[in-house]
Amino acid sequence: MSTKQLFDNTEIAFSLKSNSELNRAFLLFKMISYEPLVKVGKTLTNFAINANLPVDSVIRATVFDHFCGGVNEKDCLPVIDAMYEKGVSSVLDFSVEGKEVESFFDSAMQKTLEIIEFSQNKEAMPIAVFKPTGFGKPYLYEKKSEGQPFTADEQEQWNRIEERYDRVCKLAKEKDVELLIDAEESWMQQAVDDLVTNMMQKYNTEKPIVYNTLQMYRHDRMTFVKAQLEHAKANGYYLGYKIVRGAYMEKENERAIKKGYPTPICESKAATDENFNAAAKFILDHLDTISLFAGTHNEASSYLILDLMKEKGIAKNDNRVWFGQLYGMSDHISFNLAHLGYNVAKYVPFGPVKDVLPYLIRRAEENTSVAGQTGRELMLLTKEKTRRKS
């Protein structure tokens with residue numbers, strides 16, 4: 001088999017799916033492929049939730065079970081165990097969003113601490129994750145990023161954000177569980193970067209435990225990571241980076257136009273791809289200081305990383321290099337890589353059905369908007385259905 005056909009084995013890719021689950025996935029991606037249907041579905045779903053209609057069971061049986069592991073950690077265990085039998089690890093992601101009260105931030109922190117404890121005794125879960133706005137109000141990150149002064153009350157809230165970061169990073173180091181910290185919109189990200197750099201300097205003293213996220217559709221991220229490398233070398237600590245293409249392009253461009261500043265987003269998809277690949281190469285060139293978590297559903301970038309690893313003599317199971325995809329997507333990449341012995345982790349979202357809906361709607365919209373993503377999923381599912389029939 002040619003190197004460029006590694007991801008074509010659908011028997012391996014869908015080995016965990018029964019025929020009925022395969023058919024459900026096919027129908028789901030078929031529906032997602034129609035953009036008007038996704039928009040209507042979003043409106044109807046929001047209406048049903050707001051009207052307290054009993055839609056949980058319908059959502060649970062379709063889109064939820066495809067893209068989420070369960071409603072709580074224990075509910076996710078069958079999914080985690082089944083994937084790990086195939087060599088794919090799990091990153092449990094508490095995907096409840098949009099609640100801006102201190103009690104929610106405390107419970108999100110508590111949930112992250114529980115997941116780290118849970119992960120320590122579970123070989124299938126070597127990595128944990130949290131989202132910065134799950135630990136504090138977005139406007140505080142924005143004010144901090146812009147260098148605006150806080151009121152006394154805001155400063156107290158910010159101190160609590162710092163304490164939450166410190167508690168989870170400290171426990172991650174104690175339990176030897178790697179911790180990914182997600183990225184936010186560019187107008188909040190400076191505050192996140194500063195906080196995460198402090199955590200890295202404090203806890204990445206022997207090896208990378210805390211990882212920041214680089215959204216490579218931002219044209220300034222290569223400059224940023226080069227400066228971070230110099231800082232880490234000068235101060236004797238390690239870096240961990242999850243690299244992704246990015247999640248907020250439309251919002252970023254709209255805000256830049258509205259507020260009259262140059263967009264931070266690369267001028268084209270090709271420029272973003274180049275930027276992502278350049279970051280992967282740069283990190284692999286400096287693996288003695290930086291570890292890589294490549295969050296990508298892009299086959300070309302995955303092949304590039306495989307080629308670079310081979311060229312540099314990096315072992316397939318070297319813990320400094322991980323590949324990551326979302327649960328319910330790009331199984332042809334995840335399971336074929338794991339089958340070959342590479343480090344692979346699926347982000348497994350969980351939470352109460354209604355609370356996870358914003359995440360699910362984003363996944364549907366993302367699959368509609370990413371050129372070729374849904375078509376590729378459908379083609380692979382069709383191929384596997386045909387293989388099983390024959």
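Before reading on, note that the structure itself is shown above.
Quick look at the structure, then. (Residues numbered from 1 in each chain as written. Predicted model: local features only at pLDDT ≥ 70, side-chain atom pairs only at ≥ 80, totals over all residues. Heavy atoms only, no water.)

## Details of the pairing of strand β2 (residues 127-130)
What counts here: Accessibility here uses a 1.4 Å probe with only protein chains present; expressed as a share of the type maximum, an area under 20% marks a residue as buried, one over 50% as exposed, and anything in between as partly exposed. A run of DSSP states H or I qualifies as a helix once it reaches four residues; a run of E qualifies as a strand once it reaches two. Both are numbered from the N-terminal end. In this analysis, strands are considered paired if DSSP registers two or more bridges between them.
Taking every second residue as pointing to the same face, both faces of β2 are buried, with Ile-127 and Val-129 on one and Ala-128 and Phe-130 on the other. Strand direction decides the pairing type here: β2 and strand β3 (residues 178-181), joined by 4 bridges, are parallel. Bridge assignment links Ala-128 to a residue of β3, and that residue is Leu-179.

## A look at the environment of Ile-333
This is how the line gets drawn: By the convention used here, residues are in contact when the closest approach between their heavy atoms is within 4.5 Å.
Residue position: Ile-333 is located in helix α14 (residues 331-339). What makes Ile-333 buried here is its relative accessible area of 0%. Residues Ile-333 and Asn-9, 324 residues apart in the sequence, show an inter-C-alpha distance of 9.5 Å. The contact partners of Ile-333, leaving out residues within four places of it in the chain, are Phe-7, His-297, Asn-298, Glu-299, Ser-302 and Gln-325.

## Digging into the nonpolar core
Applied cut-off: Here, nonpolar core means buried Ala, Val, Leu, Ile, Met, Phe, Trp, Tyr and Cys residues that are tied together by side-chain atoms lying within 4.5 Å of each other.
Core analysis: the largest hydrophobic core is formed by 84 residues, its most contacted members being Tyr-141, Tyr-165, Val-168, Val-210, Tyr-241 and Ile-243. Ranked by the residues each element gives to this core, the list is headed by helix α9 (residues 186-203), at 9 residues. Among residues more than four places away in sequence, those in contact with Tyr-241 are Met-200, Tyr-211, Asn-212, Leu-214, Phe-224, Val-225, Gln-228, Ile-283, Ile-290, Ser-291, Leu-292 and Phe-293. In terms of nonpolar packing, the next biggest core, distinct from the first, is built from 32 residues, Leu-326, Ala-345, Val-353 and Leu-360 among them.

## Quick word on the packing of aromatic side chains
Formally: Only Phe, Tyr and Trp rings are paired, with Trp represented by its six-membered ring, and only when their centres lie within 6.5 Å; those with planes under 30 degrees apart are stacked, over 60 edge-to-face, the remainder tilted. Both a distance and an angle decide whether a charge sits over a ring: NZ of Lys or CZ of Arg must be within 6 Å of the ring centre and within 35 degrees of the ring normal.
For the structure shown, the criterion picks out 11 aromatic pairs. Between Phe-104 and Phe-105 the ring centres are 6.1 Å apart and the planes differ by 65°, which places this aromatic pair in the edge-to-face class. The same class applies to Phe-104 as to Phe-105, namely buried. Grouping aromatic residues by their ring pairs yields a cluster made of Phe-130, Phe-135 and Tyr-165. When the ring centre of Phe-94 is taken as origin, the NZ or CZ atom of Lys-111, which lies over that ring, is 5.7 Å away.

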